[in-house]
Amino acid sequence: MLLAGASKEPLASWNRTSTATPYNTTYGAGALNIFLAYRILNAGGVSPSGSSTVPATAWSVASANSIPPSQSTRTYFFDIPTGATSTPFSATLAWHRIYGQTLANLDLHLYAVTSGTFTIGAPVDASISTVDNVEHIYRSNLGPGRYALQVTRTSGASTRYALAWRSSPTVTITATDATASELDGSTGLFTLTRTGPTTSPLVVPITIGGTAVSGTHYTTLATSVTIPAGASTTTLTITPVTDDIAQGDRTVIVSLATDYSLSSGTANTATVTIKDKPFDAWRYLHFTTPQLADPLVSGDTADADGDGLNNLLEYALDSDPVVAAAAPLSTVLDGNRLAITYLEATGRTDLTYTVETTEDLGGTWQTGATVLEETTRTNVSGGQQVTVRRINTADRQFLRLRVTR
């Protein structure tokens, strides 16, 4: 397991000089990697079979798996899943050579197998040393498909052996909820998915980018995500930080950072967008950076263009806050009842529009179905045009539009 789990990635010059030489003459099996050895151990022991598959990471050792005189091979079929990327693959075969007994010689072969069958196909690699009691195969990029590891006794008596092999899972990331919102605190969600065995936890390193700032625009993320043992997926939540700063929409881009323990699939980057509060997003579009920094220009109650409409009303009625214009609303007598027509602009989910009425400007303003009725609501460019009128007649009638957020 230690030999099969050894990493080649830290050793750029690691190679086998021939199939008759199991290991590199300088670096041996490679760099010791306890984690990968543990992954092999934790994947569990299996038995050879000519009619079923075993995991792409596992081990096999027992007297029942020895090669008796009447047979010459043991075969282990395994799959690199469809949709996985090419994976580093390492396998080590070892057996005892006991003084005073006929020495056994074993070889290790890797074959391609016809998909969905158990028919041995073309050879992929082999380790066939005649002087060692170990054999080792390493492929830096073993593509998706079915394969067979085959242990062959070429000479000598029956012997027990130990075989361990490993591949790397392929991990992908998707934005399963691609939008987070400052307005209601709704979160965004990434989902990470791995192929292959789930017996061990898998730590997935990530890099984080985008226009949003970690810890400022969303809750700080760690630099890795762990897919727990027994699970093929895990999630990463983007929790927005609510503020009153006009910044526009911002993005959180998470990319998978591969290492010796995994490969990344084609879906290796995903994006969640943090939506600014609608009013703040509108201010961000209409005011310059210096203006945004000055609440007397870009604040709710400021009137930058001096046309009598504060910014909140300009936003509600979809008018330009820096270009003076008459209020885009009107009142008219509908018969002998006063009516008001105004625009409810598209996307103003953070606003409440309320029409109020009174018969005495010094008295109480009222609203609701007992004193007002909506007569029309029409889809127009920029939103919905709404007309509301009084229910009762009076000698003096007043209407006003109140907008709150």
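Our subject is the structure listed above.
Here the structure is a predicted model, which means the values were calculated and not measured. (Residues numbered from 1 in each chain as written. Predicted model: local features only at pLDDT ≥ 70, side-chain atom pairs only at ≥ 80, totals over all residues. Heavy atoms only, no water.)

Caption draft 1: Structural view of the overall build of the protein. In terms of regular secondary structure, the protein is built from 6 helices and 24 strands. Expected size for 405 residues packed as a compact globule is a radius of gyration near 22 Å; at 36 Å, the protein overshoots this value by more than 25%. Referenced to the eigenvectors of the C-alpha coordinate spread, the extents of the protein come out at roughly 120 × 40 × 30 Å. Taken over 405 residues, the protein has a buried fraction of 44%. Summarising the internal contacts of the protein: among those between residues at least 6 apart in sequence, 68% fall at separations of at least 24. Here the protein has roughly 18900 Å² of accessible surface; of this, 53% comes from carbon and sulfur atoms. Computed over 24 positive and 32 negative side-chain charges, the separation of the two mean positions in the protein equals 16 Å. (Helix = DSSP H or I, 4+ residues; strand = E, 2+ residues; numbered from the N terminus. Rg over C-alpha atoms; globule rule 2.2 N^0.38 Å. Buried < 20%, exposed > 50% of the residue type's maximum accessible area, 1.4 Å probe, protein only. Contact = heavy atoms within 4.5 Å. Areas by Shrake-Rupley, 256 points an atom, 1.4 Å probe, with all protein chains shown as cover. Lys, Arg positive; Asp, Glu negative; His and termini not counted. Charge placed at Lys NZ, Arg CZ, Asp CG, Glu CD.)

Caption draft 2: Looking closely at unusual backbone geometry. Phi at Asp-318 is positive, roughly 60°, even though this residue is not glycine. Its relative accessible area of 41% is what places Asp-318 among the partly exposed residues.

Caption draft 3: Broad picture of the pairing of strand β19 (residues 330-334). Relative to strand β20 (residues 337-345), β19 is paired through 5 bridges, and the arrangement is antiparallel. Each bridged residue has a counterpart across the sheet, and for Leu-333 the counterpart in β20 is Leu-338. Linkage of β19 to β20, two consecutive antiparallel strands, is achieved through a turn of 2 residues, within which Gly-335 is found at a positive phi near 70°. (Pairing = 2+ DSSP bridges.)

Caption draft 4: How the structure looks around the packing of aromatic side chains. Here the structure, examined in full by the defined rule, presents 10 aromatic pairs. Measuring from ring centre to ring centre gives 6.5 Å for Trp-282 and Phe-287, while their planes differ by 85°; the resulting arrangement is edge-to-face. You'll find Trp-282 and Phe-287 in the same group, each marked buried. Taken together through their ring pairs, the aromatic side chains of Phe-279, Trp-282, Phe-287 and Tyr-315 make up a single cluster. The ring of Phe-118 carries the charged tip of Arg-146 above its face, separated from the ring centre by 4.9 Å. When the ring centre of Trp-365 is taken as origin, the NZ or CZ atom of Arg-400, which lies over that ring, is 4.1 Å away. (Phe/Tyr/Trp six-rings, centres within 6.5 Å; stacked < 30°, edge-to-face > 60°. Lys NZ or Arg CZ within 6 Å of the ring centre and 35° of its normal.)

Caption draft 5: Main features of helix α3 (residues 278-286). Taken residue by residue, α3 has Pro-278, Phe-279, Asp-280, Trp-282 and Arg-283 as its buried positions. In this fold, the buried residues of α3 make contact with α4 (289-292), α5 (295-298) and α6 (311-316).

Caption draft 6: Looking closely at the sheet that holds strand β22 (residues 372-380). Overall, antiparallel pairing links the 4 strands, which are arranged β19-β20-β23-β22 in an open sheet. The open sheet has two edge strands, β19 and β22, and neither has a second partner. Shown here is a sheet whose adjacent strand axes are inclined to one another by a mean of 25°, direction ignored. (Axes fitted to C-alpha atoms, helices over the stretch in contact; angles between N-to-C directions.)

Caption draft 7: How the structure looks around the sheet that holds strand β6 (residues 120-127). Strand order across the open sheet formed by 5 strands is β1-β3-β8-β5-β6, with mixed pairing between neighbours. Taken across any chain shown, the strands that pair with only one partner, and hence form the sheet edges, are β1 (53-54) and β6. Pairing of strand β5 (residues 105-113) with strand β8 (residues 145-155) involves 9 bridges; the strand directions are antiparallel. Of the residues in β8, the one forming a bridge with Asp-107 is Thr-152.

Caption draft 8: Molecular detail of the environment of Glu-135. Tracing the backbone shows Glu-135 in strand β7 (residues 134-142). Sequence spacing of Glu-135 and Leu-163 is 28 residues, and the spatial spacing of their C-alpha atoms is 9.4 Å. In contact with Glu-135, other than residues within four places in its own chain, are Pro-22, Tyr-23, Ala-91, Thr-92, Leu-93, Trp-95, Leu-106, Asp-107, Leu-108, Ser-127, Ile-128 and Ser-129. Within polar-contact distance, the side chain of Glu-135 engages the side chain of Ser-127 at 2.5 Å. (Polar contact = N/O pair within 3.5 Å; in protein donor to acceptor, adjacent residues only side chain to side chain.)

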